[in-house]
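Chain residues, written in single-letter form:
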Amino acid sequence: CMLCRRAEADPNICGNKLEKQGLCAHEYCLSFATQLGQQQAGTLGLRGFLPEDIQCAVNQAAQKQCFVCGERGATITCRETSCDRSFHLPCAVEGECITQYFFEYRAFCWEHRPEQAVEAAPENATCLICLDPVGERKSYGSMVCPVCKNAWFHRGCIQGQAISNGLTWFRCPHCRDRDAFLSEMLIMGIQIPFRLASWDSRAYEALGARHSRCDAGRCLCPGGREQADEEGHWELLVCSCCAAEGTHRRCSSVSSSQDSWECDFC
């Protein structure tokens, strides 16, 4: 990567590696680079980042030393106006920096990073995810739910859960709050992918698939329980309540004038 100077980096932190026209950079290294602006036309350069702009950012960063690893080429500078600390994206966690993966992709050093407003202290609390102690006070590595205020977890543990759950299912592991919890975690630097949960694909597809068989006690269809016509006696209706049971119209004596049907359980 031209920006973080790493051949290998955690894709959950730096994103996928993009290569085009002799350029190579991680998608989030591009987004967080202080001197870079993205064009609206995402097909230009590397997802909207122009080659000449990327090279300019690399040249300017050559004079900036990462305050974490000590090497030059640090393209990310703290958003605090009076601060000139710079760092590489893969060094952010080690330097206890916060990188906000939304809107402007802002980054802050350890001194100017946002803090959780909750005044609670862990008091020998354990992480709800790994069940190990979180320490005796709030810190960069320990976080708390802003809603229930007694659900503690390690930063690395809640980041792992965010990667697994995605934006759709990510919520407090204790009180299950979603909106306030998600907003707080984004501000505190948790990267939450904009996708569905990364569960087993076949199981998830089966969960979302429409029920496709007749479950009547006695199926009268000559073609069997799996036959489903567009209309008529063998049109397959799915329970309008649970969507987990189905029947042919004739098998449950559903008239052609009825648009919906509910199973016996519902």
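Nothing here was measured: the structure is a model prediction, and the numbers come from that model.

Engineer: Could you give an account of the side chain of arginine 249, with specific residues and numbers?
Structural biologist: Relative to the elements of secondary structure, arginine 249 occurs in the segment after β10 (246-248). Taking the relative accessible area as the measure of exposure, arginine 249 reaches 8% and is therefore buried. There is a polar contact of 2.9 Å between the side chain of arginine 249 and the backbone oxygen of glutamine 258. Sequence-distant contacts of arginine 249, defined by excluding residues within four places in its chain, comprise Gly232, His233, Glu235, Leu237, Val254, Ser255, Ser256 and Gln258.

Engineer: Can you explain the domain arrangement of the protein chain? Please cite residues and give values.
Structural biologist: A common measure of how large an interface is: the accessible area buried when the components associate. Here the protein chain is described as being made up of domain 1 (11-108), domain 2 (116-209) and domain 3 (210-265). For domain 1 and domain 2, the distance between their C-alpha centres works out to 26 Å. Contacts between the two partners involve 11 residues from domain 1, matched on the other side by 8 residues from domain 2. Where domain 1 meets domain 2, there are 0 salt bridges. In terms of residue class, the side of domain 1 that touches domain 2 is made up of 7 nonpolar, 3 polar and 1 charged.

Engineer: Which residues make up the nonpolar core, and what values do they have?
Structural biologist: Of all hydrophobic cores here, the largest spans 28 residues; its most connected members are Leu3, Leu30, Leu36, Ile54 and Leu89. Those elements that provide at least two residues to this core are β2 (23-26), α2 (27-32) and α3 (51-61). For this core, the leading source of residues is α2, giving 4 residues. Not counting the four nearest positions on each side in its chain, leucine 36 is found in contact with Leu3, Leu30, Phe49, Asp53, Ile54 and Ala57. Listed in part, the 24 residues of the second largest apolar core include Val134, Val144, Phe170 and Met188.

Engineer: Mind laying out the side chain of glutamine 161, listing which residues take part and the relevant values?
Structural biologist: Mapped onto the elements, glutamine 161 comes out in helix α4 (residues 155-169). If sequence neighbours within four positions are ignored, glutamine 161 has contacts with Ile129, Phe170, Arg171 and Pro173.

Engineer: Requested: an account of the packing of aromatic side chains, with residues and values cited.
Structural biologist: Evaluated as defined, the whole model comprises 8 aromatic pairs. Measuring from ring centre to ring centre gives 5.1 Å for phenylalanine 32 and tyrosine 101, while their planes differ by 85 degrees; the resulting arrangement is edge-to-face. Taken together, the positions of phenylalanine 32 in helix α2 and tyrosine 101 in the loop between β5 (98-99) and β6 (107-108) put the pair 69 residues apart, joining distant regions of the chain. Its relative accessible area of 3% is what places phenylalanine 32 among the buried residues.

Engineer: With reference to specific residues and values, describe the environment of alanine 120.
Structural biologist: Of note, alanine 120 is situated in the loop between β6 and β7 (142-144). Taking C-alpha positions, alanine 120 is 8.6 Å from arginine 137, a pair spaced 17 residues apart along the chain. With sequence-adjacent residues up to four places away left out, alanine 120 is seen in contact with Lys138, Lys149 and Trp152.

Engineer: Quick one: what's the story with the UniProt feature "domain: RING-type" (unreviewed entry) in the protein chain, residue by residue and with numbers?
Structural biologist: This chain's UniProt record puts "domain: RING-type" (unreviewed entry) on residues 127-176. Secondary structure across residues 127-176 divides into 30% helix and 12% strand, with the first and last C-alpha atoms of the span separated by 16 Å.

Engineer: Now, about unusual backbone geometry: what can you tell me, with residues and values included?
Structural biologist: A positive phi angle is found at glutamine 21, which is not glycine, with a value near 50 degrees. Along the chain, the position of glutamine 21 falls in the loop between β1 (17-20) and β2. The class for glutamine 21 is exposed, based on a relative accessible area of 61%. At phenylalanine 103, a position not held by glycine, the phi torsion is positive, near 50 degrees. With respect to the helices and strands, the residue phenylalanine 103 is situated in the loop between β5 and β6.

Engineer: Could you give me a rundown of α3, with the residues and numbers involved?
Structural biologist: Those residues of α3 lying buried are Ile54, Ala57, Val58 and Ala61. Viewed end-on, α3 has its buried residues packed into an arc of 100 degrees, placing them on one side of the element. Structurally, α3 contributes buried residues whose contacts are with β2 and α2.

Engineer: Please give an account of the environment of arginine 72 that cites residues and values.
Structural biologist: Residue position: arginine 72 is located in the loop between α3 and β3 (76-77). The sequence separation of arginine 72 and histidine 88 amounts to 16 residues, and the corresponding C-alpha distance is 9.1 Å. Among residues more than four places away in sequence, those in contact with arginine 72 are Arg5, Ala61, Ala62, Gln63, Lys64, Gln65 and His88. At 2.9 Å, the side chain of arginine 72 forms a polar contact with the backbone oxygen of glutamine 63.

Engineer: Requested: an account of the pattern of salt bridges, with residues and values cited.
Structural biologist: One pass over the structure, following the stated rule, counts 8 salt bridges. In this structure, the salt-bridge partner of glutamate 104 is arginine 79, at a minimum N-O distance of 3.1 Å. Pair noted here: glutamate 104 is in the loop between β5 and β6 and arginine 79 is in the loop between β3 and β4 (86-87), with a separation of 25 residues, a long-range link. Note on arginine 79: relative accessible area 39%, which makes it partly exposed. For arginine 249, the salt bridge goes to glutamate 235, with nearest N and O atoms at 2.8 Å. With arginine 249 in the segment after β10 and glutamate 235 in the loop between α6 (201-208) and β9 (236-238), the pair connects residues that are 14 residues apart, well separated along the chain. A relative accessible area of 19% places glutamate 235 in the buried class. One salt-bridge network, in which partners are shared between bridges, spans Glu96, Arg113 and Glu115.

Procedures and definitions
Residues numbered from 1 in each chain as written. Predicted model: local features only at pLDDT ≥ 70, side-chain atom pairs only at ≥ 80, totals over all residues. Heavy atoms only, no water. Helix = DSSP H or I, 4+ residues; strand = E, 2+ residues; numbered from the N terminus. Buried < 20%, exposed > 50% of the residue type's maximum accessible area, 1.4 Å probe, protein only. Polar contact = N/O pair within 3.5 Å; in protein donor to acceptor, adjacent residues only side chain to side chain. Contact = heavy atoms within 4.5 Å. Domains from an automatic or database assignment. Salt bridge = Lys/Arg side-chain N within 4 Å of Asp/Glu carboxyl O. Nonpolar A, V, L, I, M, F, W, Y, C, P; charged D, E, K, R; others polar. Core = buried A, V, L, I, M, F, W, Y, C linked by side-chain atoms within 4.5 Å. Phe/Tyr/Trp six-rings, centres within 6.5 Å; stacked < 30°, edge-to-face > 60°. UniProt positions renumbered as here; feature names shortened; annotations may be inferred. Arc of directions from axis to C-beta.

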